[in-house]
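Given next are the chains, with one letter for each unit.
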Amino acid sequence: PNVKSIQIMLATDGRPLHARIELLQGPNNNKQVMEVYCEDGMDRPFFAVVETPGNGNVVRIVNTATLEYPLSAHVEAFEIDNNRDIVQRGAGIMWS
């Protein structure tokens with residue numbers, strides 16, 4: 001399946017949340033960056049849905065706070081494209 005978008009949630013145990021979320025779409029494209037900050041990551045966790053068009057997407061989450069302020073990151077598929085094109089080649093079936 002092809003993941004069309006992902007959901008990201010960042011939270012802390014009540015401490016400040018300071019992070020950077022990067023979306024890299026292939027080796028030759030510029031990365032898209034989100035800087036995230038909030039005072040209390042438990043009362044106000046960060047949640048976003050990010051589109052990931054095409055193949056080869058990489059999400060990188062960097063905790064830009066000091067070591068005393070850890071965060072937890074949850075990334076899951078939000079929208080999945082289950083349409084598969086079937087190509088017949090020779091005796092077998094190849095998914096593309």
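Our structure's up above, just so we're on the same page.
**What about the nonpolar core?**
Now for step 1: Membership of the largest hydrophobic core is limited to ten residues, which are Ile6, Ile8, Leu10, Leu17, Ala19, Ile21, Leu23, Val36, Cys38 and Val50.
Now for step 2: Going through the elements one at a time, strand 1 (2–11), strand 2 (17–25) and strand 3 (32–38) are the ones with two or more residues in this core.
Now for step 3: Examining the composition of this core, we find that four residues originate from one element, strand 2, more than from any other.
Now for step 4: Residues contacting Val50, with those up to four places away along its chain left out, are Ser5, Ile6, Ile8, Leu23 and Met34.

**Some details on the pattern of salt bridges**
Now for step 1: Scanning all chains against the criterion turns up five salt bridges.
Now for step 2: With its nearest N and O atoms 3.7 Å apart, the salt bridge here joins Lys4 to Glu79. Highlighted residues: Lys4 in strand 1 and Glu79 in strand 6 (residues 72–81), separated in sequence by 75 residues.
Now for step 3: Between Lys31 and Glu22 there is a salt bridge whose closest N-O contact spans 3.6 Å.

**Observations regarding the environment of Val49**
Now for step 1: As for its placement among the helices and strands, Val49 is situated in strand 4 (residues 46–51).
Now for step 2: For Val49, a relative accessible area of 41% translates into the label partly exposed.
Now for step 3: Considered as a pair, Val49 and Ile6 are 43 residues apart in the sequence and their alpha carbons are 5.6 Å apart.

**Observations regarding the environment of Arg20**
Now for step 1: With respect to the element layout, Arg20 can be found in strand 2.
Now for step 2: Judged by its relative accessible area of 23%, Arg20 falls in the partly exposed class.
Now for step 3: Expressed as a C-alpha distance, the spacing of Arg20 and Asn63, which sit 43 residues apart in the sequence, is 6.5 Å.
Now for step 4: Beyond its immediate stretch of four places on either side in the chain, Arg20 contacts Val33, Met34, Glu35, Arg60, Ile61, Val62 and Thr64.
Now for step 5: Side chain to side chain, Arg20 and Glu22 meet in a polar contact 2.8 Å long.

Thresholds applied
Residues numbered from 1 in each chain as written. Predicted model: local features only at pLDDT ≥ 70, side-chain atom pairs only at ≥ 80, totals over all residues. Heavy atoms only, no water. Core = buried A, V, L, I, M, F, W, Y, C linked by side-chain atoms within 4.5 Å. Buried < 20%, exposed > 50% of the residue type's maximum accessible area, 1.4 Å probe, protein only. Helix = DSSP H or I, 4+ residues; strand = E, 2+ residues; numbered from the N terminus. Contact = heavy atoms within 4.5 Å. Salt bridge = Lys/Arg side-chain N within 4 Å of Asp/Glu carboxyl O. Polar contact = N/O pair within 3.5 Å; in protein donor to acceptor, adjacent residues only side chain to side chain.

On their own, these measurements won't tell you what the molecule is for.
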